[in-house]
Amino acid sequence: MRKPIIGANWKMYRGVPSEAEEILRELVPKVIDIKNVDIVIAPPYTSIIKTIELIKNTSIKVGAQNMYYEEKGAFTGEISPLFLKKIGCEYVILGHSERRNIFNETDELINKKVKKALEIDLTPIVCIGEHLDERENGKTKGVIEKQFEMTFDGLNQEDMIKLIIAYEPIWAIGTGKTATPEQAEEIHMFIRKIIEDKYNKDTAERVRIQYGGSIKPSNARELFSKANIDGGLVGGASLQAESLYQIIKSAENY
Ligand code: PGA
């Protein structure tokens, strides 16, 4: 059985340590006894250290929202994966559609980052997903397959089992328009089939695939109840302790 995993992607919010503290002081006691859901908080860089302090002695993990693929050097403005690892991050979100679309990150770049993260034992949460026009033109599966091929190029079976895939249809991110559980499940099954064809059935069964895009307390349970949806990556609704808690609770027992 795959353990569900909920990621809180705070994006460019709650970046002042006191803002992270406000939500975590409320959230941590609520989730402290939840054992059957993995919880990852991904704050902006500026509140990562504070977040690590506040989740100490709990099973909550901390992730970054991006990283570069080099460990050090003259890369003004970039963040080294090794710095993240050394301060206590265990996860990193890679290939988020906002990185791809606003900052022009390519599949090739994301592939380098994924390989580096795996090399230094940071667990990548790798986002893939289609644009609205691609869905409307029946191209969703083709787009997903191509992103998969390029983003995960060169990875072996052990690598695949370690990483997390987040299926995030771009038209559902921050729009309030969630994919229906059936739409999401169809693509999750499709991704699992790609893994089975490229690797084998065992690997396909073990990789965790999150859904992301306008998850709310009101739609979370129905999404997570689908056989191939292993939790979610949550943006807007992760900025309040109560709604994040409700979403985490919804992933219990699936
Ligand atoms: P959203 O964001 O929940 O606000 O739609 C999800 C994401 O971008 O990961």
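Remember, it's a predicted structure, so these values are computed and weren't measured experimentally.

Bringing the layout of surface pockets into the picture now. Sizing a probe to match a water molecule and rolling it over the atoms shows the empty space that remains. Of the volumes computed, that of the largest pocket is approximately 550 Å³. Every residue lining the largest pocket is counted, 20 residues in all, and those nearest its centre are Lys11, Met12, Gln65, Arg99 and Phe103. Sorting elements by how many residues they give to the lining of the largest pocket places helix 4 (residues 97-102) first, with three residues. When grouped by side-chain class, the residues that make up the lining of the largest pocket number nine nonpolar, seven polar and four charged. By volume, the second largest pocket amounts to about 220 Å³.

To continue, consider the site of the ligand. Close to the ligand lie 13 residues; Lys11, His96, Glu168, Gly174 and Ser214 are nearest. Residue His96 places a side-chain N or O atom 2.6 Å away from an oxygen atom belonging to the ligand. Here an oxygen atom of the ligand sits 2.9 Å away from a polar atom, N or O, in the main chain of Gly235. In isolation the ligand has 280 Å² of accessible area, and contact with the protein removes 96% of it. Classifying every residue of the shell around the ligand by side-chain character gives four nonpolar, seven polar and two charged.

With that settled, the discussion passes to the side chain of Ser250. You can see Ser250 is positioned in helix 12 (residues 241-251). One polar contact links the side chain of Ser250 to the main-chain carbonyl oxygen of Gln246, over a distance of 2.8 Å. Leaving out residues up to four positions away in the same chain, Ser250 has contacts with Ala220, Arg221 and Phe224.

A few words now on the pairing of strand 1 (residues 5-9). Across the five residues of strand 1, five count as buried, placing the element largely inside the fold. Side chains Ile5, Gly7 and Asn9 project from strand 1 onto one buried face, and the interleaved Ile6 and Ala8 project onto a second face that is buried too. Pairing geometry for strand 1 and strand 2 (residues 38-42), over five bridges, is parallel. Within the sheet, the bridge partner assigned to Asn9 lies in strand 2 and is Ala42. For the handedness criterion, the β-α-β arrangement of strand 1, helix 1 (residues 17-31) and strand 2 is classed as right-handed. Relative to strand 8 (residues 231-234), strand 1 runs parallel, the two sharing four bridges. Paired with Ile5 across the two strands is Gly231, which belongs to strand 8.

Take the packing of helix 7 (residues 140-151) against helix 9 (residues 181-198) next. Their axes nearest at 11 Å, the elements helix 7 and helix 9 cross at an angle of 45°. In terms of their interaxial angle, helix 7 and helix 9 are classed as oblique. Crossing of helix 7 against helix 9: the hand is right-handed. Here Thr140, Lys141, Ile144, Glu145, Phe148 and Glu149 of helix 7 come into contact with helix 9, specifically with Glu186, Ile187, Phe190, Ile191, Ile194, Ile195 and Lys198. For the contact of helix 7 with helix 9, a count of residues per class yields seven nonpolar, one polar and five charged.

Counted at 1.5 Å a residue, the expected span for helix 1 with its 15 residues is 21 Å, and the 20 Å between its end C-alpha atoms agrees. Of all the bends found along helix 1, the most pronounced is centred on Leu24 and spans about 30°. Within helix 1 the residues assigned to the buried category are Ala20, Ile23, Leu24, Leu27, Val28 and Val31. On its buried face, helix 1 is in contact with strand 2, helix 2 (48-54) and helix 12.

With respect to the helices and strands, the residue Asn200 is situated in the loop between helix 9 and helix 10 (201-206). According to the relative accessible area criterion, Asn200 is partly exposed, its value standing at 25%. With near-sequence residues (within four places) excluded, Asn200 lies in contact with Gln157 and Ile195. Separated by 3.2 Å, the side chains of Asn200 and Gln157 make a polar contact. Here the side chain of Asn200 touches Thr203 through a polar contact of 2.7 Å, side chain to side chain.

Here strand 5 (residues 123-128) lies mainly inside the structure; six of its six residues are buried. Burial along strand 5 is two-sided: the face carrying Thr123, Ile125 and Cys127 and the face carrying Pro124, Val126 and Ile128 are both buried. Where strand 4 (residues 91-94) meets strand 5, four bridges bridge the pair, whose relative direction is parallel. The partner of Val92 across the bridge, within strand 5, is Pro124. Pairing analysis gives four bridges linking strand 5 to strand 6 (residues 164-167), with the strands arranged parallel. Counted as the bridge partner of Ile128 is Tyr167 from strand 6.

Calculation rules
Residues numbered from 1 in each chain as written. Predicted model: local features only at pLDDT ≥ 70, side-chain atom pairs only at ≥ 80, totals over all residues. Heavy atoms only, no water. 1 Å grid on protein atoms, 1.4 Å probe; cavity = no way out; pocket = protein on both sides within 12 Å on 5 of 7 lines; lining within 4 Å. Points joined across faces, edges and corners; volume = space filled by probe spheres on them. Helix = DSSP H or I, 4+ residues; strand = E, 2+ residues; numbered from the N terminus. Nonpolar A, V, L, I, M, F, W, Y, C, P; charged D, E, K, R; others polar. Near = heavy atom within 4 Å. Polar contact = N/O pair within 3.5 Å; in protein donor to acceptor, adjacent residues only side chain to side chain. Areas by Shrake-Rupley, 256 points an atom, 1.4 Å probe, with all protein chains shown as cover. Contact = heavy atoms within 4.5 Å. Buried < 20%, exposed > 50% of the residue type's maximum accessible area, 1.4 Å probe, protein only. Pairing = 2+ DSSP bridges. Right-handed = clockwise from strand over helix to strand, strands pointing away. Axes fitted to C-alpha atoms, helices over the stretch in contact; angles between N-to-C directions. Parallel < 35°, antiparallel > 145°, perpendicular 65-115°, else oblique. Left-handed = near helix turned anticlockwise from the far one by under 90°. Expected span 1.5 Å × (residues − 1). Bend = angle between axes of the 7 residues up to and from the residue.

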